[in-house]
2 protein chains.
Amino acid sequence: MGDTNANAVSQWVERLSALHRSLMRKFATEEGLQFVHVEILQYLSICNRYSDTTQAISDYLGQTKGSISQSLGLLEEKGLIKRVQDKIDKRVFHLSLLSKGASVTKRLLESIHLDGSEKLEPQLKNLLTSIQKKNGLKGFGTCLSCRFNQSPGKNSFVCGLTKEKLSVDEVKKICKEHEAS
Amino acid sequence: MGDTNANAVSQWVERLSALHRSLMRKFATEEGLQFVHVEILQYLSICNRYSDTTQAISDYLGQTKGSISQSLGLLEEKGLIKRVQDKIDKRVFHLSLLSKGASVTKRLLESIHLDGSEKLEPQLKNLLTSIQKKNGLKGFGTCLSCRFNQSPGKNSFVCGLTKEKLSVDEVKKICKEHEAS
DNA sequence: CAAATCAGTTTTGATTCGATACTATTGGCC
DNA sequence: GGCCAATAGTATCGAATCAAAACTGATTTG
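What counts as what
Residues numbered from 1 in each chain as written. Chains lettered and ligands numbered in written order. Predicted model: local features only at pLDDT ≥ 70, side-chain atom pairs only at ≥ 80, totals over all residues. Heavy atoms only, no water. Helix = DSSP H or I, 4+ residues; strand = E, 2+ residues; numbered from the N terminus. Expected span 1.5 Å × (residues − 1). Contact = heavy atoms within 4.5 Å. Pairing = 2+ DSSP bridges. Near = heavy atom within 4 Å. Polar contact = N/O pair within 3.5 Å; in protein donor to acceptor, adjacent residues only side chain to side chain. Nonpolar A, V, L, I, M, F, W, Y, C, P; charged D, E, K, R; others polar. Buried < 20%, exposed > 50% of the residue type's maximum accessible area, 1.4 Å probe, protein only. Phe/Tyr/Trp six-rings, centres within 6.5 Å; stacked < 30°, edge-to-face > 60°. Least-squares fit on C-alpha atoms with pLDDT ≥ 70 in both.

Draft legend 1. Highlighting helix α4 (residues 65-77) of chain A. For α4(A), built from 13 residues, the straight-helix expectation of 18 Å at 1.5 Å per residue is met to within 8% by its first-to-last C-alpha distance of 18 Å. Considering only its buried residues, α4(A) is in contact with α2 (35-44), α3 (54-61), β1 (81-85) and β2 (93-97) of chain A.

As structure tokens, then:
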């Protein structure tokens, strides 16, 4: 974990990320979409119901909500996503993938086929959280690593923030309110 | 290395890459640059003298050379890079960072501080090359892992493709002609 | 030496981008 | 209740990106 080594890891992450961007861009072009569209669709496929809003996407992708809002308009027009107004807070609109949008993210996953040894998984997880922590970024992890998550029984989950029950699938998704446990 | 696990690794790489993009975007905005500008500058800081051209950047980043050409024009105008015509092949122009551009890449490296265990390094390397291979991408590795690289003596390197001598620093940079050894 | 290839630029029109200003809703606070 | 700040989201603006295609020149190939 020395400083000399941090640099070397840096280089590999830089190149891995660059390669991933390149593949995503190629995929986007083939689908007749912009890069950011694919980013948005991919995010919507992994975020939970507290995090499917314009602002959350803006936070996750690091772009202004104005830009995101425009792109969302286009994605809705193209029939890839839909937006539904929140019943309680009428300012927020929940975004979700329509079947057409979901099939794009499915093709993306197939198109960029990643392989890695099993040992890599926990290490990548650590790397990710360490980067988030180092850069002072909050949020965007799954319930399983969140301090608000409570598990009153087997396969039963409750979010300590919202006091709501969460399904087994739901707790695997990423949340903007996430705080490391 | 099973299929069930490939998916899990996928998820982590996706999120790691997304986080990295987000940090790069924030950095770009702070520097008054576009995302792609930072990508180009970063690439120029790690590529060797065979790979510092418009076409190579286009291949590495996965964008059309027309787009790259436009961005390069702006970067030159801003005094971040310079271009020098090749003495032999007058079609090609070699691009390089000016001090102003180099300082941006230095700040980028400091800004996105990545930490990881030593064990991660060889695994990331394997992951990277496996993705390149799986996606049928050629090129963009360092001489040290290239089959053209020859080492007639200690700290002495020759490229089997160009028959040119390469310095110790040079062989650490990435090359568009790279082929795995 | 002509044709094909290659490196790079230019042009075009749709779209992104950040910045800013704006509407509408919500929440606090007296 | 009523006022004001905060929040979610959209609209507008000008500069810049983006891919696609057409276009120079230079080089290689046949």
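From this point on, the discussion continues.
Draft legend 2. Structural context of the pairing of strand β4 (residues 149-153) of chain A. When β4(A) meets strand β5 (residues 156-159) of chain A, the two strands line up antiparallel, connected through three bridges. Each residue of the ladder has a partner; that of Gln150(A), found in β5(A), is Val158(A).

Draft legend 3. Spatial organisation of the protein's contact with DNA strand C. Near DNA strand C you find 24 residues, and of these His37(A), Gln63(A), Lys65(B), Ser69(B) and Arg83(B) are the closest. In this structure, Arg91(A) approaches DNA strand C through a side-chain N or O atom, which is 3.4 Å from a base oxygen. Among the elements that take part in the surface near DNA strand C, helix α4 (residues 65-77) of chain B stands out by supplying four residues, more than any other. Class assignment of the residues belonging to the surface near DNA strand C gives a composition of four nonpolar, 14 polar and six charged.

Draft legend 4. Highlighting the environment of Arg15(B). If you trace the backbone, Arg15(B) turns up in helix α1 (residues 3-30). Classification of Arg15(B) as buried rests on a relative accessible area of 11%. Measuring from C-alpha to C-alpha, the distance between Arg15(B) and Asp169(B) comes to 32 Å, with 154 residues separating the pair along the chain. Discounting chain neighbours no more than four positions away, the residues touching Arg15(B) are Ile46(A), Tyr60(A), Leu128(A), Phe140(A), Gly141(A), Thr142(A) and Ile174(A).

Draft legend 5. Highlighting the packing of aromatic side chains. Per the stated rule, a full pass over the model turns up six aromatic pairs over all chains. Look at Tyr43(A) and Tyr60(A): their rings are 4.7 Å apart centre to centre, the planes differ by 35°, and that puts the pair in the tilted class. Here the residue Tyr43(A) occupies a position in helix α2, and Tyr60(A) occupies one in helix α3, the gap between them amounting to 17 residues. Taken individually, Tyr43(A) and Tyr60(A) each receive the classification buried, so the pair is uniform in this respect. For the ring pair Tyr43(B) and Phe140(B), a centre distance of 6.1 Å and an interplane angle of 75° mean the geometry is edge-to-face. With Tyr43(B) in helix α2 (residues 35-44) and Phe140(B) in the loop between α6 (120-134) and β3 (141-142), this pair connects stretches of sequence that are 97 residues apart. Exposure remark for Tyr43(B): the relative accessible area of 0% places this residue in the buried category.

Draft legend 6. The arrangement of the sheet that holds strand β6 (residues 165-166) of chain A in detail. Residues and elements named next belong to chain A. In spatial order, the strands read β4-β5-β6; together these three strands make up an open sheet with antiparallel pairing. Of all the strands in the sheet, the pair left with one neighbour each is β4 and β6. In this structure, β5 lies alongside β6, joined through two bridges in antiparallel fashion. For Phe 157, the partnering residue across the bridge sits in β6 and is Leu 166.

Draft legend 7. Expanded view of the relation of the copies chain B and chain A. When chain B is brought onto chain A, the operation consists of a screw motion whose angular component is 180° and whose axial shift is 0.0 Å, with 0.0 Å RMSD remaining. Those values place the two copies in the arrangement expected of a two-fold rotation axis. For chain B, the smallest separation between a C-alpha atom and the rotation axis is recorded for Ser17(B), amounting to 2.4 Å. A shared interface surface links the copies, since 100% of the contact residues of chain B are contact residues in chain A too.

Draft legend 8. Highlighting the side chain of Gln132(A). Looking at the element boundaries, Gln132(A) is found in helix α6 (residues 120-134). Judged by relative accessible area, which is 12%, Gln132(A) ranks as buried.

Draft legend 9. Region of interest: the sheet that holds strand β6 (residues 165-166) of chain B. On the basis of which strands lie adjacent, the open sheet formed by three strands has the order β4-β5-β6 (chain B) and antiparallel pairing. Strands at the two margins of the open sheet, each flanked by one partner only, are β4 (149-153) and β6 of chain B.

Draft legend 10. Up close: the environment of Val36(B). Residue and element names in this part refer to chain B. Within the secondary structure layout, Val 36 lies in helix α2. Note on Val 36: relative accessible area 15%, which makes it buried. Placed 38 residues apart in sequence, Val 36 and Leu 74 show a C-alpha to C-alpha distance of 11 Å. For Val 36, the residues in contact, after removing those within four places along its chain, are Gln 63 and Ser 71.

Draft legend 11. How the structure looks around the environment of Leu95(B). All names here are of chain B. Among the secondary structure elements, Leu 95 is positioned in strand β2 (residues 93-97). We classify Leu 95 as buried; its relative accessible area is 3%. Counting along the chain gives 42 residues from Leu 95 to Thr 53, while the straight-line C-alpha distance between them is 6.0 Å.

Draft legend 12. Spatial organisation of the protein's contact with DNA strand D. Within the structure, DNA strand D sits among 24 residues, and Lys65(A), Ser69(A), Arg83(A), His37(B) and Gln63(B) are positioned closest to it. Considering the 4 Å shell around the protein, atoms of DNA strand D inside it are sugar or phosphate in 64% of instances. The separation between a phosphate oxygen of DNA strand D and a polar main-chain atom of Gln55(A) is 3.0 Å. The dominant element in the surface near DNA strand D, judged by the number of residues it contributes, is α4(A), at four residues. Here the residues of the surface near DNA strand D sort into four nonpolar, 14 polar and six charged.

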